[in-house]
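# Residue-level structural notes
As a plain string of letters, each chain reads:
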Amino acid sequence: MRKLSAAFALALALAAGCAPEPDWGPASPPPGSPLASGEFRVAILANAAAAEIAVSGPYEIRKEGEPAILETGAALPPTVFRAAAGGLEGSTPSGRRIWPSPIEIRPRADGTLSIANARYRGRAVLYANPDGTIDAVNAVALESYIHGVVGGEMPASSAPEALAAQAIAARSYALYKMRAAAPGKRWIGASDASFQVYKGIRAETASTRDAVLRTAGLVLLWQGRAFPAYYHSTCGGRTRDVALAFGERSIPPLAGGTCGFCDRAPRFRWNARVDRSEAATRLGVPRVDVMEMVPQAGAPARVRVRTSSGSALWTREALRARLGPMRIFGYDFTVRTGRDGFDFAGSGFGHGVGLCQEGARGMATAGRTHPQILAHYYPGADLVRIQP
């Protein structure tokens, strides 16, 4: 893959004469940022007891960032690496030894590797932690990373234009995070839903590969700059302003608006019940007596929670986080106190900012193209190719 730095500078040139500096980061990436190489670093394991790595073909092992090759081989069978005094311990074809931390394990040519029994492109970087645990990072070209995200975030059976929109949103979000990454940071994001769901090669299908290849290098920019192109499962009818969701500066592409295409989603409307004992456990109090909605002038309603320890007002986001996002699916809900527990009724699944994945699928099914889908969910953003 070509380096993104020069191409990104071309995209920035489009911003000449634009509005004052937004507050989401510097105009150019910090020296040494991962953006300079176009490589994305994603944590596969963090603070793990061990990491099993394998390479099916020729490989080499180096100390991260150094040119000297410490070991080469025709193949690396499944090998367990653990933190040890002075580095990382593992038995490779050359024998058991302690490697200096961090090490990189790189397939040669176009080979692939496995980390914890899942296959990935790129290379593995292993770090020993002072507490005896290990971090395993997959350092991979940005486009290869997007191949592993699209199938993790959206069903491969989705209409092609929805998958294309997903690919561009994921690439835009990754580019923004790469731009902001501090030099020397071990990884840019996790591999789960706390960042973007990244499943590596096992997520790739003919349909997801087509979506990534058709949109290669396409990203969303606002006033010539990368921005966090958030997305979520189901908005419930209306997407949300990023200022309300995350306290970030509101910009037109993330200001929220009517969706109109996710009403057939499984969690467009939902109900959930949390019994008193579970609520007490999750909130860390002996007993929960009452949950009730409290309107707020000019702001979203909050929830008054009365417990054996007193009474407090909770934002719906905070209460959802404590009770569990797979129980309380979205932020837009009401709750009432029942005889044996608390009854929630809500709409949507996820934080509600940016692209509604179920809405994008609905738009694509209705014949909309991926530029139309992206314009609907990120109004005012420019679709720009940062790679030839």
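One can find the structure itself at the top, above this paragraph.
Let me sum up the structure you'll find in this document. Since we're looking at a predicted model, the values are computed, not measured.

## Here we look at the pattern of salt bridges
Counting across every chain of the model gives 25 salt bridges. In this structure, Glu 60 and Arg 108 form a salt bridge, with 3.2 Å as the shortest nitrogen-oxygen distance. Taken together, the positions of Glu 60 in strand 3 (residues 59-63) and Arg 108 in the loop between strand 8 (103-107) and strand 9 (113-115) put the pair 48 residues apart, joining distant regions of the chain. Of the residues examined, Glu 60 reaches a relative accessible area of 7% and is grouped as buried. Given a relative accessible area of 38%, Arg 108 falls into the partly exposed group. Of the charged contacts in the structure, one is a salt bridge between Glu 161 and Arg 214, with a shortest N-O distance of 3.2 Å. One end of the pair, Glu 161, is in helix 3 (residues 160-180); the other, Arg 214, is in helix 4 (residues 206-214), and 53 residues separate them in sequence. Looking at Glu 161, the relative accessible area reads 18%, which means it is buried. One salt-bridge network, in which partners are shared between bridges, spans Glu 39, Arg 41, Glu 64, Glu 104, Arg 106 and Arg 123.

## Description of the packing of aromatic side chains
Evaluation of the coordinates by the stated rule reveals 11 aromatic pairs. Between Tyr 173 and Tyr 230, the ring centres sit 5.7 Å apart and the planes meet at 50°, which makes this aromatic pair tilted. Linking Tyr 173 in helix 3 with Tyr 230 in the loop between strand 15 (225-226) and strand 16 (231-232), this pair joins segments that are 57 residues apart in sequence. An identical accessibility class is assigned to Tyr 173 and Tyr 230; each is buried. Considering the side-chain rings of Tyr 230 and Phe 246, the 4.8 Å spacing of their centres and the 45° angle between planes classify their relative orientation as tilted. Of this pair, Tyr 230 sits in the loop between strand 15 and strand 16 while Phe 246 sits in helix 5 (residues 242-246), and the two are 16 residues apart along the sequence. Exposure remark for Tyr 230: the relative accessible area of 11% places this residue in the buried category.

## Thoughts on the pairing of strand 12 (residues 134-141)
Of all 8 residues in strand 12, 7 are buried; the element is thus mostly enclosed. Two strands pair when backbone bridges link them, and strand 1 (residues 39-48) and strand 12 are joined in this way by 7 bridges, in the antiparallel orientation. Bridged to Arg 41 within strand 12 is Ala 139. Across 6 bridges, strand 11 (residues 123-128) lies against strand 12 in antiparallel orientation. Along strand 12, the bridge assignment pairs Val 125 with Val 137. Hairpin connection from strand 11 to strand 12: 5 residues lie between these consecutive antiparallel strands, with Gly 132 at a positive phi of about 90°.

What counts as what
- Every chain is numbered on its own, with residues counted from 1 as its sequence reads.
- Totals for whole chains, interfaces and linings use every residue, but because this is a predicted model, local features are given only for residues with pLDDT of at least 70 and side-chain atom pairs only at 80 or more, for both listing and counting.
- Water and hydrogen atoms were dropped before computing side-chain values, which therefore reflect all heavy atoms in the structure.
- Salt bridge, as used here, is a side-chain nitrogen of Lys or Arg placed within 4 Å of a carboxyl oxygen of Asp or Glu.
- Put simply, DSSP H or I for four residues or longer makes a helix, DSSP E for two residues or longer makes a strand, and each gets a number counted from the N terminus.
- Buried residues are those whose accessible area, probed at 1.4 Å on protein chains only, stays under 20% of the maximum for their type, while exposed residues exceed 50% and partly exposed ones sit between those limits.
- For Phe, Tyr and Trp, rings pair up if their centres lie within 6.5 Å, where Trp contributes its six-membered ring, and each pair is then called stacked (planes under 30 degrees apart), edge-to-face (over 60) or tilted (otherwise).
- Whether two strands pair depends on DSSP finding at least two bridges between them.

Any functional reading would require information beyond the geometric quantities listed.
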